[in-house]
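# What the coordinates show
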Amino acid sequence: KKYVIVTGGVLSGIGKGIFSASLARLMKEHGVDVNVLKIDPYLNVDAGTMNPNQHGEVFVTEDGYEADLDLGHYERFLGRDMTRQNNMTAGQVYLRVIEKERQGKYLGNTVQIVPHLTEEIKDRIRALEAELLVVEIGGTVGDIEGEVFLEAVRELQMEEGKENFLFAHVTYVPYLRTTNEFKTKPTQQSVQLLRRIGITPDMVIVRSEFPLDVPSMNKVALFSGVPRDFVINLPDTKNVYEVPEILRDMGLHEKIASKLNVELKKSTFNWS
Ligand code: ADP
């Protein structure tokens, strides 16, 4: 099994969900059996108890699970019914570990975030069957709630082999109108934060209001230590359903296939 792990930096709501869903669709159109997992680091067990004014619509899956609206993006982009297995929240993981502790399943050991919570997370990630699993970690790198999930995927990479993993980090580069320039510093700092916890991104996806200039793209590549052709700019589009096609035109499927050694089939989908 191959994994694409999508993390986010700088700020939330930058389009990790749309990028993950689009990437999944693109790979599916090229004959890869893709599945997706959305990780939500909040302590709610599911999105059913969350105020829609705060968090957006609740998406109800085929099997009656009340999920984050991102699962709706996945279902629409991928054309595959989502189930409760496609979403994991910190609340679910903590609840399960504490239940097991009460049942004596840890045989008297001290129950800890590492390894008990991380093992539970890794088991749930492993349980999803696919040739390629796209795992989107919600929130922003540096958030206290997200740390345990990043640690779990770092361990998973060590256990399953580096060659089976691609870490894609989605960031935002703001444009300063007063000085007419793009600012890459927040992106550099979020990549450093990721490295500090032992994850080296293989790909950086730069979201921006307008297309980035070449020097700024080069700067992101240099400071992130990512090859220049693995730095991808995704400016705002009018319609998010265009994103899979934009990624296809950039040859993202080929880059991912070459890094992960996945075989692609010729797409029969009419992209126009
Ligand atoms: P995240 O998963 O990072 O919180 P989402 O993928 O849910 O972010 O996107 C947040 C909002 O930004 C959504 O309303 C989405 O429609 C919009 N969006 C995402 N990507 C783009 C893009 N490339 N162009 C324009 N709008 C986008």
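Residues numbered from 1 in each chain as written. Predicted model: local features only at pLDDT ≥ 70, side-chain atom pairs only at ≥ 80, totals over all residues. Heavy atoms only, no water.

By nearness alone, 15 residues border the ligand, and Gly15, Lys16, Gly17, Ile18 and Thr237 come closest of all. Here Ile18 contributes a backbone N or O atom positioned 2.9 Å from an oxygen atom of the ligand. One of the backbone N or O atoms of Thr237 is found 2.8 Å from a nitrogen atom in the ligand. Here the ligand has 560 Å² of accessible area as a free molecule, and 72% of this is covered by the chains. Secondary structure elements with two or more residues in the shell around the ligand: helix H1 (16-29) and helix H3 (70-78). At three residues, H1 tops the list of elements feeding residues into the shell around the ligand. Considered class by class, the residues forming the shell around the ligand number five nonpolar, five polar and five charged. (Near = heavy atom within 4 Å. Polar contact = N/O pair within 3.5 Å; in protein donor to acceptor, adjacent residues only side chain to side chain. Areas by Shrake-Rupley, 256 points an atom, 1.4 Å probe, with all protein chains shown as cover. Helix = DSSP H or I, 4+ residues; strand = E, 2+ residues; numbered from the N terminus. Nonpolar A, V, L, I, M, F, W, Y, C, P; charged D, E, K, R; others polar.)

The terminal C-alpha atoms of helix H5 (residues 113-126), which comprises 14 residues, lie 19 Å apart, in line with the 20 Å expected from a rise of 1.5 Å per residue. For H5, the complete set of buried residues consists of His116, Leu117, Thr118, Glu120, Ile121, Lys122 and Ile125. Against strand E1 (2-8), strand E2 (34-40), strand E5 (87-89), helix H4 (90-102), strand E6 (132-137) and helix H6 (147-160) lie the buried residues of H5. (Expected span 1.5 Å × (residues − 1). Buried < 20%, exposed > 50% of the residue type's maximum accessible area, 1.4 Å probe, protein only. Contact = heavy atoms within 4.5 Å.)

Let us look at the packing of aromatic side chains. Taken as a whole and judged by the stated rule, the model has five aromatic pairs. With a centroid separation of 4.6 Å and an interplanar angle of 15 degrees, the aromatic rings of Tyr3 and Phe165 are classed as stacked. Placement of Tyr3 in strand E1 and of Phe165 in strand E7 (residues 165-172) is noted, with a sequence separation of 162 residues between them. Residues Tyr3 and Phe165 agree in their burial class; the two are buried. Judged by centre distance (6.0 Å) and plane angle (20 degrees), the ring pair of Phe165 and Phe167 falls under stacked. Accessibility expressed as a relative area gives 0% for Phe165, which makes it buried. Exposure remark for Phe167: the relative accessible area of 2% places this residue in the buried category. (Phe/Tyr/Trp six-rings, centres within 6.5 Å; stacked < 30°, edge-to-face > 60°.)

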